[in-house]
Amino acid sequence: MLDKTFMPSEVEGRLYREWEASGAFSCGADQTGSGNAQPYSIVIPPPNVTGSLHMGHALNNTLQDIMIRLHRMRGQDVLWQPGMDHAGIATQMVVERMLEEEGKSRQDLGREKFIERVWEWKDESGGTITGQLRRLGASCDWPRERFTMDEGLSKAVHKVFVELYKQDLIYKDKRLVNWDPKLKTAISDLEVQQTEVAGQLWHIKYPLEDDSGTFITVATTRPETMLGDTAIAVHPDDGRYKDLVGKYAILPLVGRRLIIVADDYADPEQGSGAVKMTPAHDFNDFEVGRRHDLEMINVLDDEARINENAPEVYQGLDRFEARKKVLADLEAQDLIAQIDDHTHMVPYGDRGGVPIEPWLTEQWYADAETLAKPAIEAVRSGRTKFVPEMWEKTYYEWMENIQPWCISRQLWWGHQIPAWYGPDGEIFVEMTYEEVEAAALAHYGEVVELRRDEDVLDTWFSSGLWPLTTLGWPDKTPELERYYPTSLLVTGFDIIFFWVARMMMFGLHFHDDVPFDTVYIHALVRDAKGQKMSKSKGNIVDPLELIEKYGADALRFTLASQAAQGRDVKLSEQRIEGNRNFATKLWNAARFCEMNECVLRDDFDPAAVTGTVNQWLVGELKAAQDRISAGLDGYRFNEAANDAYHFVWGTFCDWYVEFSKPALQGDDGPAKTEAQATAAWALDAILRLLHPFMPFVTEELWSRTDQTKARDGMLVRAAWPEYDDELVNGGAREEIEWVIRVVSEIRSVRAEMNVPPSAKIPLFLNGANPETLARLERQRDLIATLARITEMSEQSGDLPAGSVQTVVDEATLVLPLADVIDLDQERDRLNKAVVKLDSQIGGMAKKLANKGFTDKAPAEVVEVQRERMAEAEQTRDKLRDALSRF
C-alpha cells in the first residue's frame, strides 16, 4: 500500500544507489535485444574540481539528463560521459590558501612537492560536485569518469602541443595579455569581470615639438600609463589635426618624441579627438601600434609596479601610487587642462580580485585563425547545428574575428608545457625527454644543459580535447569509434567561444570530424524578479537547499518547464513548491488507482476499449505522447514539460479520475474492469513519460504499483511509450471535450454567483442541435455528478424566473438560481467589485503612464506593476462576464 504522502528525502538516496548498483547508467546496453542499438552520447561540461553545484549547473545537467534518460528509454546505447576539469587557477589558489594557514608558500615547498600537495587535496576534498550531481539525479556513467589531469588525457595534451608546434600552429610571441598582478599570470577573457567604477577623466596637454607653446590635448582614465606612450592618434578625416599628422609632440615628464599618426580608431566625436597611444598597455593601442610600427614600451613589472623603462623618479612605485605622483607632477607643470568625473568599466580578475593589466609579455600562442577555418565551415555546412539557431551568428562573429590564442599560464598546477630551452634559448619540443635530448645533441653537437618551460597550458587547451580524450583518443578505442562524434552538447552561451569553438577546432584538426552533431545553448537562471544572481545582491539560490526542501524532481521539473529557447529562466521558489505539489498530485492519482484495484493486465489492448471516457483518455494520452516527444526532439524542453503537466494534472487527475469514479465504484462488472485496466495502463504510460523530468517519484511509483509483477526491471531502463494513430477516436474526443466545456462553464457560473457547493440546480439547454441533445442524454449521469445538477432537459417556452445564462458552442445553458441565491444581492456585489477594480486599474494605468516612474523605478518593479494591472483587468472582465449572464 502506498504511503499517504511522497517524501523525497526518504527515497531519493536509496533509488540513486539502486540505479548505480544495477548498472542502469552504463553504456553498451542494448535495450532492443537486436544487437542494433544506435549510439547516443553526451560529454558533460566538466565542472571544476573545486566547484559546488550552482543553479547554472542544475539547469545544464537537468537538460542533459532529460535527453539521456529519454534516449536510454528509446532503446539506444547511451553514454553520458562524466568528468572534472583540473581548474588551474582555482585549484592552485585553494591549496595556496591552505599553505598560508600553515605559514608556508608554494615557493617554500618547491614545484614538485606543491603539485603532490594539490593531488592530495584533490583525492581528499576535490570532486564534491559529483556527489551533488547525484543528488540532482544525473544518470552519468560514473565508472567512466575522467579528469583533465589523468595520465591518458595528459598524454593526449602533450601530443597535441607537439604536433601543433611542428605544424607551426603553436609559437611564441610578444603580445598583450590580461595580466593578473596579484596571481602573476595571464588569464583568459572569461576570467575577467568588468566592474563599473566611479573615477575621473584627466585631460592632459602634450606640447608640440615645433611649438612648445601649443598643445594637443588627450584624455585618459589611467595617467600612469602615459609613461609608456609612443604616439598620438587622430582620425584621418579630422580637419583640426590634418596639418599635424606626421609631426611630433613631446611626452610630458618623460621627454620622448611622440609621432602623430592618422588612424580610424581615433573618434573625432570623443573628447578632443586625439588619443594617446600606449601600445604595451592597451589592447586597442596595441593594434594601432602594429599598424603603424610604433615602439612598444612596457613600463610595468609583473606586480604592476613601475619598472626601469620609466624615469627613475617613478620606478618601484605601485601603479596607483604612480598615478598620484604623475598627476601631481603634471599639475605642477600646469599640464592638466580639465578633470571630469567619469563612470567607466574597469576589468578585474575574478580570482585575484584586483584590476587586471593589459601587459606586454612573451607567451605561447596557438594559430587560432588557421584552426578556426574548418570549424566555421563545419557549422555553415550543417555538420554541427546550434539550437537556438541565432547562436550560429555569435559563433561566426567570434570565429571570423578570432585573435591568436594565448595558451600559456604562469602557474604550477596544470599541464606543464613540453618545451625545453638550450643555453642560447633554442626551443626543443618532442614527445619524450629522450627525443628532446637527441634533438639538442643534433643541434649543438654536444650534450648541453636543458631547461624546461615553467608555464602550464591554459585550462581551455585540455578541455578543448574533452570529447576526444574522454573516449580514449589518441588511442583507437572502441568507445571512440562508437560514440564520436557525440550526439549533443548542452552548454551556456558564455563559453561558445572559450570551449565550444576550441572543441570544434581540435576535433576537426585531429580526428577529421566535428565533436558533436548539435549544440544546445541554454540561457541564464535568474531570480524570480529576473535579476542576475550574484553574491553582492544576496539573491543566489542554492539548488541543494531547494532539493532538501522540495525534492530533486520539483527542482528539475521547474527548470525544464522554464527552459524556453532563447529566454532566461526566472526561478521562483513558488514555482518549485507548485511542482512539488505536482509530484504529490501524481502520487495521489496512483493511490486512487491502487485503492480502486487498477492493476496492469497483459491482455489489455487500449485500441479495443469501448467506453467513451476510456476511448477519450487513450486518445488524449497518444496525443500527449506525440507532443512531449516532439518537444524533446526539438529541444523545446518547456513545451514538453508543460504538455506533460497539463495531461497529467488536467486530463488524467482532474478529469479522468472524476469521470471514472462511477464505473470504478459501480456495479457494472465489464465497465469497472475496463476502467481499472485503462487507468492502470494510463498510469504506467504517465510514469514513463514523466521519468526523464521527474526520475525519483516515477521510479518509486513504478516499483510500488507493480502488484501483479508485470513489469520487468526498473523504470530507468523501461521503454519510452510509442503509440499508433488508431488509438485516437475522434468521436469520443469531441464528446468528452464537450462534457468538459459544459461542466467547466457550469462550475464557473456557480463560483461567480456564490452558489453554495452543496446546492443542486437544474439545467436547461436552449438552441441545442440534435447531436448536442444526444450527447446530453448519453452523458447525463456524468454531468449531473460533476456539475451537481438535479435535472436536465431541452428548454421550451419562457425562461424560468431568476435564471442565469451562459453559452457552450451553439447551445445556451440556462441555470435557474433564484431558489439557491439572492440574485439582486449578487448583482449588487458584482457591480461593486467591478467599480472597485476599475478604480484600481485606473490608478495603475496612471502610474505606468508617468515617465517619472517608468524611467526611475527598477525594471522589475515596473514589470510587477504591469503584471498586477493585467491580473486586475482579467478579474474585472470575468466579473463583467458574470453580470452579462443575468
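A brief structural summary. (Residues numbered from 1 in each chain as written. Predicted model: local features only at pLDDT ≥ 70, side-chain atom pairs only at ≥ 80, totals over all residues. Heavy atoms only, no water.)

### Regarding the overall build of the protein
Definition in use: Secondary structure elements follow DSSP: runs of H or I of four or more residues count as helices, runs of E of two or more count as strands, with numbering from the N terminus. Using a 1.4 Å probe on the protein chains alone, a residue whose accessible area is under 20% of its type maximum counts as buried, one over 50% counts as exposed, and one in between counts as partly exposed. Contact criterion: two residues are considered in contact whenever any of their non-hydrogen atoms come within 4.5 Å of each other. Using a 1.4 Å probe, the Shrake-Rupley method yields the accessible areas, and only the shown protein chains count as cover for residues.
For the protein, the count of helices and strands is 29 helices and 29 strands. With the principal axes as the frame, the protein shows a C-alpha extent of 110 × 65 × 55 Å. Within the protein, the proportion of its 886 residues that are buried is 53%. The long-range fraction of contacts in the protein, counting pairs at least 24 apart against all pairs at least 6 apart in sequence, stands at 77%. Of the roughly 39,300 Å² that the protein leaves accessible, carbon and sulfur atoms contribute 46%.

### Topic: the sheet that holds strand β8 (residues 215–220)
Basically, it comes down to this: Whether two strands pair comes down to DSSP finding at least two bridges between them. Interaxial angles span 0 to 180 degrees and are taken between N-to-C directions of axes, which are lines fitted to C-alpha atoms, for helices over the stretch in contact.
Pairing in this open sheet of three strands is antiparallel, and the strands run β8-β7-β13 from one edge to the other. Taken across any chain shown, the strands that pair with only one partner, and hence form the sheet edges, are β8 and β13 (336–349). With direction set aside, neighbouring strand axes in the sheet form an average angle of 20°. As paired strands, strand β7 (residues 192–207) and β13 are joined by 13 bridges and run antiparallel to one another. Each bridged residue has a counterpart across the sheet, and for Gly-199 the counterpart in β13 is His-342.

### Observations concerning helix α6 (residues 128–136)
Keep this limit in mind: By definition, the arc is the one covered by directions from the helix axis to the C-beta atoms.
Looking at α6, one finds that the buried residues are Ile-129, Thr-130, Gln-132, Leu-133 and Leu-136. All buried residues of α6 project into a common sector of 160° when viewed along the axis, lining one side. Where α6 is buried, its residues contact α2 (55–73), β3 (83–84), α17 (543–550), α18 (552–562) and α23 (695–704). Remark: Gly-137 follows α6 within two positions and exhibits a positive phi of approximately 100°.

### Quick word on the environment of His-342
By secondary structure assignment, the location of His-342 is in strand β13. For His-342, a relative accessible area of 28% translates into the label partly exposed. Note: C-alpha distance between His-342 and Gln-92 (250 residues apart in sequence) is 36 Å.

All we've got here are geometric facts, nothing functional implied.
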